Amino acid sequence: MNSVRERFLRYVQVETTSCEANECCPSTPGQKVLGEMLVSEMKAMGMQNAFMDEHGYVYGFIPAKGAEDTPSIGLIAHMDTSDAVPGATVPQVIPCYDGGVIRLKNGVEISGFSFLPDLKGQELIVTSGNSVLGADDKAGVAEIMTLCERLMTQDAPNHGRICVAFTPDEEIGRGADLFDVPGFGADFAYTVDGGALGELEYECFNAASCVVRVTGASIHPGSAKNQMINASLVAMEFAGMLPPWERPEHTEGYEGFYHLTGMGGNEEAAELRYILRDHDRTKLEAKKAVINAACEMLNRRYGAGTVSVELKDSYRNMREIVERHPEILERAEKAFRANGVEPVVSPIRGGTDGAQLSFRGLPCPNLSTGGYNFHGRKELIPVPAMEKMVDVLVSLVQSAS
Ligand SMILES: [Zn+2]
């Protein structure tokens, strides 16, 4: 049997950084390299039906054992890693963390994080300081693969049908796009893609994007009096009309925001790009109304057509779907508690593939992987947390009868 540690160390060395600029799926070839690896490992365990489709989605199935009439449970993790930092990972193992400052190979230091003292005495896996670790989400991949191996052994506990999927391009928001929900055939699923051990998430933002375009009236500045409408300044005026305290840097928990992601312009034309986020759908609609009101006010001031706004919905909070199936959350809470882990339910301040899948008929909350500091060079994961997550997954799929 391969340990979850061993699997993780192997998977993180495959470069699978996804790339938004590439239209193809998967967006980068390394993801298929990892996909092939996972398929052959699943086949070696005896999962003869494992395969990777043309888009790099990996699927594998384990038939029910002694619990044929119980629901089919899906488990999902993503193979790509964030492009925020390079992805060619050379993992480093700290056999017994002393609780102090962690010095990475390249001199970067990990210190001052409130979770660090609790990890004292544990085996940690960190980066060399030059890349992400990729625990997001190769820890999820390794944990699900280790679960599969356990379920394929003779003395595995009774369980219903298990459906496993490893998706490409989650980090660039496309992980659910080509997911074959009917082919997957699960009644419900869990993404294993969260952080600290015990995280259980089923709420994400409602999300919209917004492009504000300003058309000015350009004229030589020497003869501009009462003639010029400087589009860049009108854009700044627009930005000033949105509540400054409702920005990402001033919000947390269930507080939504307007986030300016880009801007550009001159006297004649200017553009502002925003993303709008709120867990509460009504409050997101209110944010859209503020945007439209600002646009109208500036058009009254400078003339019709000076400012135009294009609003688009991006994704929705999966809470409304998952809440209809409380047993899915209860099952996860029970699985954590059965292994001495107190579940921590908190809202995701972002989106998740699970949200899109939930609205496509596959309710899909998110579980922890055990990792910390995702998307950065200081990413790390304690080995005992991964081992615990494998136990949690075993409890999760185990049939009650
Ligand atoms: Zn992730």
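Further up the page is the structure itself.
The paragraphs below set out a description of the structure included in this document. (Residues numbered from 1 in each chain as written. Predicted model: local features only at pLDDT ≥ 70, side-chain atom pairs only at ≥ 80, totals over all residues. Heavy atoms only, no water.)

We now examine the coordination of the zinc ion. In this structure, His78 (NE2), Asp136 (OD), Asp193 (OD) and Asp193 (OD) serve as the protein donors to the zinc ion, at separations of 1.9 to 2.8 Å. Around the zinc ion sit four donor atoms; with metal-centred angles ranging over 51 to 143°, the donor geometry is irregular. For the zinc ion, the single-chain donor residues occur in sequence as H-x57-D-x56-D. Here Asp193 lies in strand 9 (residues 188–194) and His78 lies in strand 3 (residues 73–78), a separation of 115 residues in the sequence. (Donors = N, O, S within 2.8 Å, 3.2 Å for Na, K, Ca; no water. Tetrahedral: all angles 85-135°; square planar, octahedral: opposite > 155°, others 65-115°. Helix = DSSP H or I, 4+ residues; strand = E, 2+ residues; numbered from the N terminus.)

A word on the nonpolar core. In this structure, Phe8, Leu75, Ile144, Phe166, Tyr190, Leu367 and Leu393 are the most contacted members of the largest nonpolar core, which totals 63 residues. Those residues in contact with Phe166 that sit more than four places away from it in its chain are Leu38, Met42, Gly56, Tyr57, Val58, Ala77, Met79, Val141, Ile144 and Met145. Residues Ala208, Val212, Val214 and Ala235 belong to the second largest nonpolar core, which totals 21 residues. (Core = buried A, V, L, I, M, F, W, Y, C linked by side-chain atoms within 4.5 Å. Buried < 20%, exposed > 50% of the residue type's maximum accessible area, 1.4 Å probe, protein only. Contact = heavy atoms within 4.5 Å.)

Taken as a whole, this structure holds zero disulfides when the rule is applied. No disulfide involves Cys210; its sulfur sits 9.0 Å from the nearest other cysteine sulfur, which is in Cys295. Here Cys364 stays free of any disulfide, with the sulfur of Cys204 as its closest cysteine sulfur at 11 Å. (Disulfide = S-S within 2.5 Å.)

A word on the environment of Thr89. For Thr89, the location among the structural elements is in the loop between strand 3 and strand 4 (92–94). For the pair Thr89 and Ser128, spaced 39 residues apart in the sequence, the C-alpha separation amounts to 7.7 Å. In this view, Thr89 contacts Val12, Gln13, Ser131, Val132 and Leu133; residues no more than four positions away in its chain are not counted. Only 2.6 Å separates the side chain of Thr89 from the backbone oxygen of Val132, close enough to count as a polar contact. (Polar contact = N/O pair within 3.5 Å; in protein donor to acceptor, adjacent residues only side chain to side chain.)

A few words on the side chain of Glu379. Of note, Glu379 is situated in the loop between strand 16 (366–368) and strand 17 (380–382). Among buried Asp, Glu, Lys and Arg side chains, Glu379 stands out as unpaired, with Lys138 the closest opposite charge at 9.2 Å. In this structure the side chain of Glu379 is engaged in a polar contact, spanning 2.9 Å, whose partner is the backbone nitrogen of Gly134. Residues contacting Glu379, with those up to four places away along its chain left out, are Ile125, Val126, Thr127, Val132, Leu133, Gly134, Ala135, Asp136, Tyr372, Asn373 and Phe374. (Lys, Arg positive; Asp, Glu negative; His and termini not counted. Salt bridge = Lys/Arg side-chain N within 4 Å of Asp/Glu carboxyl O.)

Scanning the entire structure with this criterion turns up eleven aromatic pairs. Seen in terms of ring centroids, Tyr59 and Phe179 are 5.7 Å apart; in terms of plane orientation they differ by 75°. Their pairing is edge-to-face. With Tyr59 in strand 2 (residues 58–62) and Phe179 in the loop between strand 8 (162–167) and helix 4 (181–184), this residue pair connects regions lying 120 residues apart in the sequence. Both residues of the pair, Tyr59 and Phe179, count as buried. Seen in terms of ring centroids, Phe188 and Tyr190 are 6.0 Å apart; in terms of plane orientation they differ by 90°. Their pairing is edge-to-face. For Tyr190, a relative accessible area of 0% puts it in the buried group. Taken together, Phe51, Tyr57, Tyr59, Phe179 and Phe184 form an aromatic cluster joined through their ring pairs. (Phe/Tyr/Trp six-rings, centres within 6.5 Å; stacked < 30°, edge-to-face > 60°.)

Quick look at the layout of surface pockets now. Looking at the largest pocket, its volume works out to about 1000 Å³. Lining the largest pocket are 31 residues; nearest its centre among them are Glu170, Glu171, Gly350, Gly351 and Thr352. Of all the secondary-structure elements, those providing two or more residues to the lining of the largest pocket are strand 9, strand 10 (199–201), strand 14 (307–315) and helix 9 (353–359). Looking at the lining of the largest pocket, the element that brings in the most residues is helix 9, giving three residues. In the lining of the largest pocket, the residues fall into six nonpolar, 14 polar and eleven charged. (1 Å grid on protein atoms, 1.4 Å probe; cavity = no way out; pocket = protein on both sides within 12 Å on 5 of 7 lines; lining within 4 Å. Points joined across faces, edges and corners; volume = space filled by probe spheres on them. Nonpolar A, V, L, I, M, F, W, Y, C, P; charged D, E, K, R; others polar.)

Together, Leu233, Met236, Leu260 and Met263 make up an exposed nonpolar region whose accessible area comes to about 400 Å². Mapped by element, the contributors of at least two residues to the nonpolar patch are helix 5 (231–240) and strand 12 (257–265). Looking at the element boundaries, Leu233 is found in helix 5. (Patch = residues over 30% accessible without salt bridge, like charges linked within 9 Å, V, L, I, M, F, W, Y side chains within 5 Å. Areas by Shrake-Rupley, 256 points an atom, 1.4 Å probe, with all protein chains shown as cover.)

The subject of this paragraph is the pattern of salt bridges. Under the definition given, this model contains 21 salt bridges. In this structure, Glu41 engages Arg7 in a salt bridge whose closest nitrogen and oxygen atoms are separated by 2.7 Å. Here Arg7 lies in helix 1 (residues 4–11) and Glu41 lies in helix 2 (residues 30–45), a separation of 34 residues in the sequence. What you see here is one network of salt bridges that share partners, running through Arg213, Glu271, Arg273, Glu310 and Lys312.

What follows concerns helix 8 (residues 326–338). End to end, helix 8 covers 18 Å across 13 residues, agreeing with the expected 18 Å (1.5 Å per residue, within 8%). Residues Ile328, Leu329, Ala332, Ala335 and Phe336 constitute the buried set of helix 8. Looking straight down helix 8, one finds its buried side chains confined to an arc of 125°; they lie on one side. Away from its buried face, by an angle of more than 90 degrees, helix 8 presents the exposed residues Lys334 and Ala338. Buried residues belonging to helix 8 abut strand 9, strand 10, helix 7 (319–322), strand 16 and helix 10 (383–397). In the segment just after helix 8, Gly340 is the residue with positive phi, at about 75°. (Expected span 1.5 Å × (residues − 1). Arc of directions from axis to C-beta.)

In short, the description is geometric, and any link to function would need to be established separately.
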